[in-house]
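Observations on the three-dimensional arrangement
Residue strings, one per chain:
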Amino acid sequence: MNWAFLFFLSISSCNDSLTVISTSNTPLVYVGDETIRENDFLRALEKLDDDIQSLTLSDWRQRLQVLIDNELMLIEATRRGLNEDTKVKAAVDSWERERVIGKLLQKNNKGNLSPTSAQIENFFETTGAASEITLQRVDVMDQQTAFDILSRLESGADFTEIARINNKRVLTTDWLNPLMVDERYAPLFVLQKGNVELLEAEGRFIIAHIKDLRKVSLEQRYKLVEGALRRKMLQEANLKLLADLAENYEVQIDTVTIGVLLDGRADNGQRLLTSSLGEWTVGQYQLANKSLTLSDSPPSFSIPQLGFHITRVFIVSQILAEEKRKLGIDQEIAIERKKILNQKMLETLWQTDIYSQIMVENTELRAFYQKHKARYSSLSENTQALNNQLSKDIREAKAQPLFISFVENLRNRLDDVVVIEEDNFRDFVTRQRNKQVPVDL
């Protein structure tokens, strides 16, 4: 069975409608505590464009086996405790927050965040997205070394030679657009060809050399510009929603406690904020904050920044639950949440047992590209995008045999938990075939 087909079914099923599409919904297979019914199978079959009349009984069994394998993998994922995995739970919680926020934006008539052509054109011009550069760069950890290298480069020394003398590796980039990179790199896009600049990022110093520059049109970068503007509009709508919720629930931060918290002298029982939902303590904030981030090293905040962060954590952990209840979507979210949990469990399982075993070498990229050149013609001018797609396609090809072996092992090991209702299955196939037969008038 094709592994990509299984992945497609399991992921796409997360957004399936719950509309009944069969007058009969009898069970076809029992897999452990789960039941695969006719409607489950029909929803999966909708993803395909099969000529039902041409399918043999064996073909039907293969397609049903996809759903059985999906349940077997979920049993294995649960056995490993992936349903309680910190990263899995964080991903599901993040999904739920975004879902509730999306509903609230819709309710407030801010759900449609599609920019107009005029907005896209203006954004293209004001962000400098017409200018693109390629870089040579070296990274150093010591500030004085970075200053010394920069000084010699500004005096006319060759970039590659200076890097060699300092035993540093020269890194190169594909064409970069201002909308592709962090704002810290914005100064690079106003430099001239051959200029060098020193930047600090994440505890290291970057000496960047403008290797080349060019101009591009809006038509060439339309999707990039539209996507970046849409994200900006969504971020602004989220901030407005955050402010509105804080006002509606009368959230007030205790700045004295924030100052004590920054000094590390706060007591867990100290009041940190008040709202129409009640008071919130330092201990409650720290517990909620820990569940919202996987980082062990919290960022350094000023008092206003920490106040904003605390407000956001309070809204996310307390107010959104209240808003979800008011919207009346608790049951809807619970059903979708289970599907998202299953999806994230499977993704983690595949990463652990399949993708982690796969390495892609540069020589493989070149060989694969030469063999399938026509497939990548649209990416020929974007080296980074081309390499990313090549790497993805090679990983998928290498994953196929690993996945087959993995699933076959599961089938053998968990054979006793699968019970196929043969009579129901055959009756189902017969009825589906009859539906396709034209009525002879």
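Just above sits the structure.
We now turn to the structure provided with this report. (Residues numbered from 1 in each chain as written. Predicted model: local features only at pLDDT ≥ 70, side-chain atom pairs only at ≥ 80, totals over all residues. Heavy atoms only, no water.)

1. A look at the sheet that holds strand β3 (residues 131-140)
What counts, and what does not: A pair of strands is considered paired only if DSSP assigns at least 2 bridges between the two. Working definition: helices are DSSP H or I runs of at least four residues, strands are E runs of at least two. Numbering for both runs from the N terminus. In what follows, a contact means two residues having at least one pair of non-hydrogen atoms within 4.5 Å. For helices, the fitted line uses only the C-alpha atoms of the stretch in contact; every axis is such a line through C-alpha atoms, and the angle between N-to-C directions lies from 0 to 180 degrees.
Taking strand neighbours across the sheet as the criterion, the four strands line up as β4-β3-β6-β5 in an open arrangement whose pairing is antiparallel. Each of the sheet's edge strands pairs with one partner strand only, and the pair in question is β4 (171-172) and β5 (196-201). Relative to strand β6 (residues 204-215), β5 runs antiparallel, the two being bridged by six bridges. Looking across to β6, one finds that Ala-201 is bridged to Arg-204. The strands touched by helix α6 (residues 143-154) within the sheet are β3, β5 and β6, with β5 carrying the most contacts at an inclination of about 165°.

2. Side note on the pattern of salt bridges
One side chain can pair with another of opposite charge once the charged atoms of both are near each other. Where we set the bar: Only one rule defines a salt bridge in this text: a Lys or Arg side-chain nitrogen within 4 Å of an Asp or Glu carboxyl oxygen. To sort residues, take the accessible area from a 1.4 Å probe on protein chains only and compare it with the maximum for the residue type: under 20% means buried, over 50% means exposed, and anything in between is partly exposed.
Enumeration according to the criterion identifies 35 salt bridges in this entry. A salt bridge links Arg-411 to Asp-69, with the nearest nitrogen and oxygen atoms 2.6 Å apart. You can see Arg-411 sitting in helix α14 (residues 383-413) and its partner Asp-69 sitting in helix α3 (residues 57-79), a full 342 residues away along the chain. The class of Asp-69 is buried, set by a relative accessible area of 2%. Two residues, Arg-164 and Glu-161, come together in a salt bridge whose shortest N-O distance is 2.5 Å.

3. Description of the side chain of Asp-353
Note the following rule: Two N or O atoms form a polar contact when they lie within 3.5 Å of each other; inside protein one atom must be a possible hydrogen donor and the other a possible acceptor, and for residues adjacent in sequence the pair counts only when both atoms belong to side chains.
With respect to the secondary-structure elements, Asp-353 resides in helix α12 (residues 330-353). The exposure class of Asp-353 is buried, given its relative accessible area of 19%. Side chain to side chain, Asp-353 and Arg-80 meet in a polar contact 2.6 Å long. The residues contacting Asp-353, other than those within four sequence positions of it, are Arg-80 and Phe-406.

4. Points about the sheet that holds strand β2 (residues 34-37)
Pairing is antiparallel in the open sheet, where three strands are placed in the order β2-β1-β10. Here the strands that pair on one side only, and so sit at the sheet edges, are β2 and β10 (418-420). Taken pair by pair, the neighbouring strands of this sheet meet at an average axis angle of 20°, ignoring direction. As defined by bridge partners, strand β1 (residues 27-31) adjoins β2 across four bridges and the pair is classed as antiparallel. Pairing of Pro-27 across the sheet is with Arg-37, part of β2. Of the strands in this sheet, β1 and β2 are in contact with helix α2 (residues 38-45), which crosses β2 at around 60°. Set on the sheet, α3 makes contact with β1, β2 and β10; between it and β1 the angle comes to about 30°.

5. Quick look at the pairing of strand β8 (residues 271-275)
Two elements, strand β7 (residues 252-253) and β8, share two bridges in a ladder whose sense is antiparallel. Counted as the bridge partner of Ile-253 is Leu-273 from β8. Of the strand pairs in this sheet, β8 and strand β9 (residues 278-281) are connected by four bridges, and their pairing is antiparallel. The residue bridging Thr-274 from the neighbouring strand is Glu-279, located in β9. Joining the antiparallel neighbours β8 and β9 is a turn of two residues.

6. Some details on the side chain of Glu-96
Take Glu-96: it is sitting in helix α4 (residues 86-107). Of the residues examined, Glu-96 reaches a relative accessible area of 15% and is grouped as buried. Within the local environment of Glu-96, its side chain forms a polar contact with the side chain of Arg-337, the two groups lying 2.6 Å apart. With sequence-adjacent residues up to four places away left out, Glu-96 is seen in contact with Lys-324, Ile-333 and Arg-337.

As far as function goes, none of this settles anything; it's purely spatial.
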